[in-house]
Every structure is written in C-alpha cells, then in structure tokens.
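Residue-level listing of the chains:
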Amino acid sequence: REVSFKAQECYAMAGELLDVDPPPTALFAASNRLAEGVLRHVKERRLRMPDDIALCVFDDVAAFSYMTPSITAVGYDTREFASRAVGFLCDRIEDRYDGDARIAQVSCRLIRRESTIGSTPDIA
C-alpha cells in the first residue's frame, strides 16, 4: 500500500497492515522516515524482528547498523543519484529538454541485517 512521506500516515498504515488476518510476515518502507511508523508499531506490539515481522527500508542510514536488531536496507550512491537529478533539472532550466518526465536507474545494493535474516552476518 502507499502513503505520503509523513511518518504519522505510515504509522497508521502499518497498524492497518499488522491488523490484517493473517498479518504480513514482512514490510518494506520506502524511506527511513516512513520506517519510523513501522518501528513504533513493532515496539508497541512487542513484535520480534525477523521472527514476527521482517523489515527492509529503502535509504540506508548509519543508525540502522547500530539498532537492535539492525535494520536491513537498500543503499545507493547518493552522488550518482544527485548527479542524475541535477543533470535532468539543468537540462530543463537550460532548455535542452522539454519532453515528458525521464526515468534514470541508479545502482542499489541490499544490505542484509538482523531485521530480515536474524543474527547471520551481512553477506551483501
């Protein structure tokens, strides 16, 4: 399901998803901010990761590796991401491109941690 990028909306959505019978075994949050809502429910409901629910988040932040359990995340090269976005913006500003929205792929990597695989070391 989709929500806006507001932590409170993700909190409500995570609650709705976790109330489904049977509940999901895993959730994916599209940003570290949205993960806050999921993590609040995990704590409030005393769920165990990954036994009760697995969690993966797009946008790795340093804190994820220090949390207990550590959080699995999708990381990407922020310089490459920013370079592509700025390039598209400059093309528009300088009238080099006026077509439909463009899509660029950037390299990503899965950083497997305890929230999805338990205490097994990272093998990314």
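What comes next concerns the included structure. If you're wondering where the values come from, they're calculated on a predicted model, not measured in any experiment.

Look at helix α1 (residues 7-19) against helix α2 (residues 32-44): their axes get within 7 Å of each other, and the N-to-C directions meet at 45°. Our classification of the angle between α1 and α2 gives oblique. In this structure, the crossing between α1 and α2 has a hand that is right-handed. Between α1 and α2, the contacting residues are Ala7, Gln8, Cys10, Tyr11, Ala14, Gly15 and Leu18 on the first element and Arg33, Leu34, Glu36, Gly37, Val38, Arg40, His41 and Glu44 on the second. Grouping the constituent residues of the contact of α1 with α2 by class yields seven nonpolar, four polar and four charged.

The next subject is the side chain of serine 115. As for its position among the elements, serine 115 is in helix α5 (residues 114-117). Accessibility expressed as a relative area gives 0% for serine 115, which makes it buried. Of the polar contacts made by the side chain of serine 115, one reaches the backbone nitrogen of threonine 72; its length is 2.8 Å. Contact partners of serine 115, with chain neighbours within four places excluded, come to Met49, Pro50, Ile53, Ala54, Leu55, Pro69, Ser70, Ile71 and Thr72.

On to the side chain of aspartate 91, then. Secondary-structure assignment places aspartate 91 in helix α4 (residues 78-93). Relative accessible area serves as the criterion here: at 17%, aspartate 91 is assigned to the buried category. A polar contact of 3.1 Å, which involves the side chain of aspartate 91, links it to the side chain of arginine 102. Excluding residues that lie within four positions of it along the chain, aspartate 91 makes contacts with Arg96, Tyr97 and Arg102.

This part takes up the pairing of strand β1 (residues 26-29). Judged by which residues are buried, β1 turns out to be one-sided: Leu27 and Ala29 face inward and are buried, whereas Ala26 and Phe28, on the alternate face, are not. Both β1 and strand β2 (residues 54-58) contribute to a ladder of four bridges, which runs parallel. Looking at β2, one finds that leucine 27 is bridged to leucine 55. In this region the chain leaves β1, passes through α2 and returns to the parallel neighbour β2; the handedness of that crossover is right-handed.

Here is what the cut-offs are and how they apply
- Per-chain numbering applies: the sequence of each chain, read as written, is numbered from 1 onward.
- pLDDT decides what is reported in this predicted model: residues at 70 or higher carry local features, side-chain atom pairs at 80 or more are listed and counted, and totals for whole chains, interfaces and linings draw on all residues regardless.
- The side-chain values count all of the structure's non-hydrogen atoms but skip hydrogen atoms and water molecules.
- For helices, the fitted line uses only the C-alpha atoms of the stretch in contact; every axis is such a line through C-alpha atoms, and the angle between N-to-C directions lies from 0 to 180 degrees.
- Note on conventions: DSSP H or I runs of at least 4 residues are helices, E runs of at least 2 residues are strands, and numbering of each starts at the N terminus.
- Just so you know how the angles are binned, under 35 degrees is roughly parallel, over 145 roughly antiparallel, 65 to 115 roughly perpendicular, and the rest oblique.
- For any pair of crossing helices, the crossing counts as left-handed if the nearer helix is rotated counterclockwise from the farther one by less than a right angle, and right-handed if it is rotated clockwise.
- Every residue pair with non-hydrogen atoms within 4.5 Å of one another is taken to be in contact.
- Three residue categories are used. Nonpolar comprises Ala, Val, Leu, Ile, Met, Phe, Trp, Tyr, Cys and Pro, charged comprises Asp, Glu, Lys and Arg, and polar comprises the others, including Gly.
- When accessible area is computed with a 1.4 Å probe and restricted to protein chains, residues below 20% of their type maximum are described as buried, those above 50% as exposed, and intermediate ones as partly exposed.
- Counting of polar contacts relies on pairs of N or O atoms within 3.5 Å, with two restrictions inside protein: one atom must be capable of donating a hydrogen and the other of accepting it, and residues adjacent in sequence are counted only when both atoms are side-chain atoms.
- Two strands make a pair as long as DSSP finds a minimum of two bridges between them.
- Assignment of crossover handedness uses the view with strands pointing away from the viewer, where a clockwise path from the first strand over the helix to the second indicates a right-handed crossover.

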